[in-house]
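# What the coordinates show
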Amino acid sequence: MQFKTAGVIGAGAWGTALAQVAGWAGLDVLLQAREPEVVESIHARRVNEAFLPGIVLDDHVSVTADLADLGACDLILAVPPAQHMRSTLAAFAAHHRPGVPVVLCSKGIERGSLKLMTEVLAETLPDAPAAVLSGPSFAAEVARGLPSAVTLACADEALGEELMWTLSAPGFRPYLATDLIGAEVGGAIKNVLAIACGMSEGRGLGRSAHAALITRGFAEMTRMGVALGGQAETVAGLCGLGDLVLTCSSPQSRNMSLGLALGQGQTVEQALAGKRSVAEGYESAPAVRELAAKMGVDMPISLAVAALLNGETTVAAVIDNLLSRPLKVERH
Ligand SMILES: NC(=O)c1ccc[n+]([C@@H]2O[C@H](COP(=O)([O-])OP(=O)(O)OC[C@H]3O[C@@H](n4cnc5c(N)ncnc54)[C@H](O)[C@@H]3O)[C@@H](O)[C@H]2O)c1
Ligand SMILES: O=P(O)(O)OC[C@H](O)CO
């Protein structure tokens, strides 16, 4: 095996779960945490009590506060919230060795620049071969060893295959793809759509509305993926449709539970109050809306969520507007 050590940047729930998986896969893993209490809790008790409570970490996983320590690793997994990807990678740039691959594991579109995470990586670490790991995977389930499958996309097929084998572990199955854009778009947009599904659930609109939102949301996601140069087949895989189904189906999802709270009458501020974990749909919704306008892509559900989160409309008006759109041919 080419890779013996992995550095994981970001010790939120997902970074910690992926460190666990990489440890099970036999890599020596160095997990970088920003919060001193996370470093202390993993050192003292082998548990990330702030972000992934109740999971005892594999012996192959160690923790550091210092990004510089990851400079010696053979492979980097980048797992900060998407809006912090640029600053995080920029801080790591002085320690990155050219040629060391970076697997992007965050789901979102950068506000302002409207860029995908691969574009952010290309601008901050131009010497890093890029891969994207994305798919239906709740950190708390993956870290307990429950079965899951994700897309692992890498333009370099040989490297992708190496990464696929390197990051596979009992119960954790990466499936290979070469289409990075398709792999990224689904993960970013499903978070916005999950807020809509949560809203529908919170309002008691029923299972039929839920299925309609998933299906028409998938059409939006596919249109945007193709407009950005991705392939519809990739979006129909684990990283797109698979993740949309998961995130729209469980209150375990931070995005769906945000929508649920809004549907039940809470304000955005109330629904997000006191939350330390990230709801990426809330963060990416404005970027998705701007990107849709820029690319001329029809995304009514995502736009409605963005307007609601921005205080421009109400849940009742969103429902009315979506239900009074002109009828049309399904495949458009
Ligand atoms: N949790 C999951 O089940 C899961 C699964 C798949 C993908 N993801 C994706 O992983 C990414 C990280 O999410 P998570 O669930 O691990 O996070 P989390 O909600 O558990 O934790 C928040 C994270 O944000 C970090 N953070 C806060 N402020 C920061 C700053 N200024 N700069 C850099 N980092 C900062 C914290 O250190 C912490 O790591 C997201 O894009 C998410 O969509 C999450
Ligand atoms: O809790 P969420 O909504 O961020 O979803 C977590 C993962 O992205 C599901 O695949």
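Quick caveat, the model's predicted, so the values are computed rather than measured.

### Let's talk about unusual backbone geometry
Here R46, not a glycine, exhibits a phi torsion of approximately 65 degrees, which is positive. Summarising the element assignment, R46 is placed in the loop between helix 2 (36-45) and strand 3 (61-64).

### Remarks on the site of ligand 2
Taken together, the neighbourhood of ligand 2 is formed by 13 residues, with S137, D243, S253, R254 and N255 sitting nearest. Examining the composition of the shell around ligand 2, we find that 3 residues originate from one element, helix 10 (residues 238-247), more than from any other. Considering only residue class, the shell around ligand 2 consists of 4 nonpolar, 5 polar and 4 charged.

### Overview of the site of ligand 1
Around ligand 1, the surrounding shell holds 25 residues, and the nearest of these are G12, W14, H84, S106 and S277. Of the residues assigned to the shell around ligand 1, the class counts are 12 nonpolar, 9 polar and 4 charged. When residues of the shell around ligand 1 are assigned to domains, at least three map to each of domain 1 (5-178) and domain 2 (187-323).

### Let's talk about the packing of helix 7 (residues 180-202) against helix 8 (residues 207-227)
At a minimum axis separation of 9 Å, helix 7 and helix 8 run at an interaxial angle of 155 degrees. Overall, the two elements helix 7 and helix 8 adopt an arrangement that is roughly antiparallel. For the pair helix 7 and helix 8, the sense of crossing is right-handed. Every residue of helix 8 that contacts helix 7 at I181, G182, V185, G186, I189, K190, L193, A196, C197, S200 and E201 is listed here: A209, H210, L213, I214, G217, E220, M221, M224 and G225. Taken together, the residues that form the contact of helix 7 with helix 8 break down as 11 nonpolar, 6 polar and 3 charged.

### Observations concerning the environment of Q32
Summarising the element assignment, Q32 is placed in strand 2 (residues 28-32). By C-beta crowding, Q32 is classed as buried, having 27 other C-beta atoms within 10 Å. Look past the residues within four positions of Q32 in its chain and what remains in contact with it is G7, V8, I9, G10, A11, T64, L67 and L70.

### Things to note about the domain arrangement of the chain
Taken as a whole, the chain is organised into domain 1 (5-178) and domain 2 (187-323). On a C-alpha basis, the centres of domain 1 and domain 2 stand 25 Å from each other. Contact with domain 1, which involves 22 residues of that partner, is made by 24 residues of domain 2. Of all the secondary-structure elements, those providing two or more residues to the side of domain 1 that touches domain 2 are strand 7 (148-154) and strand 8 (172-177). Per-element tally for the side of domain 1 that touches domain 2: the top contributor is strand 7, with 3 residues. The residue inventory of the side of domain 1 that touches domain 2, partitioned by class, reads 13 nonpolar, 6 polar and 3 charged.

### What about the UniProt feature "active site" (unreviewed entry) in the chain?
Mapped onto this structure's residue numbering, the UniProt feature "active site" (unreviewed entry) falls at K190. Along the chain, K190 turns up in helix 7. Residue class for K190 comes out buried when judged on the 31 C-beta atoms lying within 10 Å of it. Residues within four places of K190 in sequence aside, it is in contact with M221, D243, L244 and T247.

### Observations concerning the nonpolar core
L18, L77, A78, L193, V288 and V305 are the most contacted members of the largest nonpolar core, which totals 111 residues. Broken down by element, the residue count for this core peaks at 13 residues, all from helix 7. Viewed by domain, this core spans two of them, domain 1 (5-178) and domain 2 (187-323), each represented by three or more residues. Setting aside chain neighbours within four positions, we find L193 in contact with L213, G217, L244, C248, I301 and S302.

### Quick word on the pairing of strand 3
As a general feature of sheets, a regular strand has side chains that alternate between the two faces. Burial of strand 3 is one-sided: the residues V61 and V63 facing one way are buried, the residues S62 and T64 facing the other way are not. Pairing between strand 2 and strand 3: 4 bridges, direction parallel. Residue pairing for strand 3: Q32 is matched across the bridge by T64.

### Considering the sheet that holds strand 4 (residues 75-78)
Here 8 strands make up an open sheet; going across it, the order is 3-2-1-4-5-6-7-8 and the pairing mixed. This sheet does not close on itself; its edge strands, each paired only once, are strand 3 and strand 8. When strand polarity is set aside, the average angle formed by the axes of neighbouring strands in this sheet is 25 degrees. As judged from the 5 bridges shared by strand 1 (residues 5-9) and strand 2, these two strands associate in the parallel manner. Bridge pairing links I9 to Q32 in strand 2. Across the face of the sheet, helix 7 comes into contact with strand 6 (130-134), strand 7 and strand 8 while running at roughly 35 degrees to strand 6. Contacts from helix 10 reach strand 6, strand 7 and strand 8, with the element oriented near 150 degrees to strand 7.

Rules used throughout
Here, residues in each chain are numbered from 1, in the same order as that chain's written sequence. Going through the entries in the order they are written, you letter the chains from A and number the ligands from 1. The predicted nature of this model means local features are confined to residues of pLDDT at least 70 and side-chain atom pairs, given and counted, to a pLDDT of 80 or more, with totals for whole chains, interfaces and linings taken over all residues. Where helices and strands are cited, they refer to DSSP runs of H or I of at least four residues and of E of at least two residues respectively, numbered from the N terminus. Here, nearness means that the C-beta atom of a residue, built from backbone geometry, sits within 6 Å of the molecule or strand in question. When residues are sorted by character, Ala, Val, Leu, Ile, Met, Phe, Trp, Tyr, Cys and Pro go into the nonpolar class, Asp, Glu, Lys and Arg into the charged class, and all the rest, Gly among them, into the polar class. What counts as a domain boundary in this text is fixed by an automatic or database domain assignment. A fitted line through C-alpha atoms represents every axis, and for helices the fit uses only the stretch in contact; the resulting angles, taken between N-to-C directions, go from 0 to 180 degrees. Oblique is the label for any angle not covered by the other classes, which are roughly parallel (under 35 degrees), roughly antiparallel (over 145) and roughly perpendicular (65 to 115). Crossings are assigned a handedness: left-handed for a near helix turned anticlockwise from the far helix by less than a right angle, right-handed for a clockwise turn. Whether two residues are in contact is decided by their C-beta atoms, placed from the backbone, lying within 7 Å. The exposure scheme places C-beta atoms from the backbone and then counts, for each residue, the other C-beta atoms within 10 Å of its own, assigning buried at 20 or more, exposed at 12 or fewer, and partly exposed in between. UniProt positions are given in the numbering used here, feature names are shortened, and annotations may be inferred rather than shown by experiment. When buried Ala, Val, Leu, Ile, Met, Phe, Trp, Tyr and Cys residues are joined through C-beta atoms within 7 Å, the set is termed a nonpolar core. In this analysis, strands are considered paired if DSSP registers two or more bridges between them.

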